[in-house]
Amino acid sequence: MTVRGKAGVLRAIGEPFSIEAVDMLALDPKRVLVRTHASPFCSTDVKNWKGQLYKIPPTILGHASIGEVVEVGSAVDQVRVGQRVVVPGTPECGRCYYCAIGEPWQCGELFDLGGIYPDVARGDDGALISCAGCVGGYAEYMSISENQVFPIESDLPSETLSMLGCGITTGVGSVFNIAKVQPGESVTIVGAGHVGLWIVQALRLAGAGTVIVVEPNAARRELAGSLGADHLLDPAVDDSLVRVRELTGGRGADVAFEAAGPAASQELAVRAVRRGGRTVLSGFEIGGAELVLPQVETALQSRRILSSQNGQVHMRSDLQRYAGMLERGLLDGAPILTNTYPLEQLDLARERSGSYTDVCGVIVFDH
Ligand SMILES: [Zn+2]
Ligand SMILES: [Zn+2]
């Protein structure tokens, strides 16, 4: 029997989302049908809506989610109907080159697709509709590879746990898995949005020393301060690079995280660390954009530039661990989750993400 549900479809770049009923396609043997509980509206989807990252309409955006498995394909053996599952932005197939060498955050099941994602639904006009990033979370139902659904056990509400799949994994993983911040180290964060604010929270757990946040939005600076950042710089007023050096013994920070997107922010994050310091880049702005770096500071002065793709987490172990940190209050979702929206208000969620009104607005579904 065909499953029919509402979806927020990107029919044309830059046009309002089309909230429409779609028929889910019959499941392939290794896919599962998930009834969506909650999907955070990620700032990356503001870029996708503008066409900056080359998504191909018609498609359903939303690359992280949580829901309940309601049907499994004939060859699925990793999850079963009724399980609550996190659907993160990255699969772990366990068999591709990257999974085999222990780097599942580059899993070929997603990144070898070259941006051509599976069709999961059909609109009433007959058009096949794909799931961007292999998730398609802005819809009542998601058709997902069994390698991209991870059972989770927690009493926390789904809107909180929905942030596990992109923001929490990227922010927390960047601190512990990539930069491996040591107690007392000085840190600069460029950008205090969804990812940057999880980084601030994780730094408190890591026992970081001086934490400096560079952020143009006053409300976000204030939030970063309330979550434990020591120094809040406004790039419109402060010479960020000069101030970071002043606050770190003239050297620059031990570690810098970039969580904003513009190339200028990335360059600042590289320049803001001391000789031999490490910079973790997680933001990006436009597909095809380039980053220009100073030769001496990078080649001669031992600065290390690291990439964060979903925090380089291992989904099968880290998602449950991070859920436990939320349950124990070690991580706090409340200040990050600034609004919830029904699917009908997907464009409002997009506008409030794009205008920095929301840190993270979550699309919620009541089935
Ligand atoms: Zn995201
Ligand atoms: Zn893989």
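A quick note: this is a predicted structure, and the numbers were derived from the prediction, not measured. (Residues numbered from 1 in each chain as written. Chains lettered and ligands numbered in written order. Predicted model: local features only at pLDDT ≥ 70, side-chain atom pairs only at ≥ 80, totals over all residues. Heavy atoms only, no water.)

**Q** Where do I start with the domain arrangement of the protein in this structure?
**A** Bring the parts together and some accessible area is lost; that lost area is often taken as the interface size. Looking at the assigned domains, one finds that the protein contains domain 1 (4-165 + 334-364) and domain 2 (171-308). Put simply, the middle of domain 1 and the middle of domain 2, counted by C-alpha atoms, are 29 Å apart. Connecting domain 1 to domain 2 are 0 salt bridges. At the boundary of domain 1 and domain 2, one finds 3 residue pairs in polar contact (both at pLDDT 80 or more). For the side of domain 1 that touches domain 2, the per-class residue count stands at 8 nonpolar, 2 polar and 2 charged. (Domains from an automatic or database assignment. Salt bridge = Lys/Arg side-chain N within 4 Å of Asp/Glu carboxyl O. Polar contact = N/O pair within 3.5 Å; in protein donor to acceptor, adjacent residues only side chain to side chain. Nonpolar A, V, L, I, M, F, W, Y, C, P; charged D, E, K, R; others polar.)

**Q** Got a minute to help me understand the pattern of salt bridges in this structure?
**A** Taken as a whole, this structure holds 14 salt bridges when the rule is applied. Among the salt bridges present, the one from Arg11 reaches Asp125, with a minimum N-O distance of 2.7 Å. You can see Arg11 sitting in the loop between β1 (4-10) and β2 (18-24) and its partner Asp125 sitting in the loop between β7 (119-123) and β8 (128-131), a full 114 residues away along the chain. Since its relative accessible area comes to 28%, Arg11 is described here as partly exposed. Of the charged contacts in the structure, one is a salt bridge between Arg274 and Asp254, with a shortest N-O distance of 2.6 Å. Residue Arg274 is located in strand β15 (residues 273-281), and its partner Asp254 is located in strand β14 (residues 253-258); the two are separated by 20 residues in the primary sequence. Overall, the relative accessible area of 22% leaves Arg274 in the partly exposed class. Each of Arg4, Asp23 and Asp124 takes part in salt bridges that share partners, so that together they form one network. (Helix = DSSP H or I, 4+ residues; strand = E, 2+ residues; numbered from the N terminus. Buried < 20%, exposed > 50% of the residue type's maximum accessible area, 1.4 Å probe, protein only.)

**Q** Any chance you could explain the packing of aromatic side chains here in plain terms?
**A** This model, assessed by the stated rule, comprises 2 aromatic pairs. Look at Phe41 and Tyr138: their rings are 5.2 Å apart centre to centre, the planes differ by 0°, and that puts the pair in the stacked class. Placement of Phe41 in strand β3 (residues 31-41) and of Tyr138 in the loop between β8 and β9 (141-145) is noted, with a sequence separation of 97 residues between them. Residue Phe41 shares its accessibility class with Tyr138, and that shared class is buried. For the pair Tyr97 and Tyr98, a centre-to-centre distance of 5.2 Å together with 85° between the ring planes defines the contact as edge-to-face. Note on Tyr98: relative accessible area 33%, which makes it partly exposed. In this arrangement the basic side chain of Arg350 is found over the ring face of Trp49, its NZ or CZ atom lying 3.5 Å from the centre. (Phe/Tyr/Trp six-rings, centres within 6.5 Å; stacked < 30°, edge-to-face > 60°. Lys NZ or Arg CZ within 6 Å of the ring centre and 35° of its normal.)

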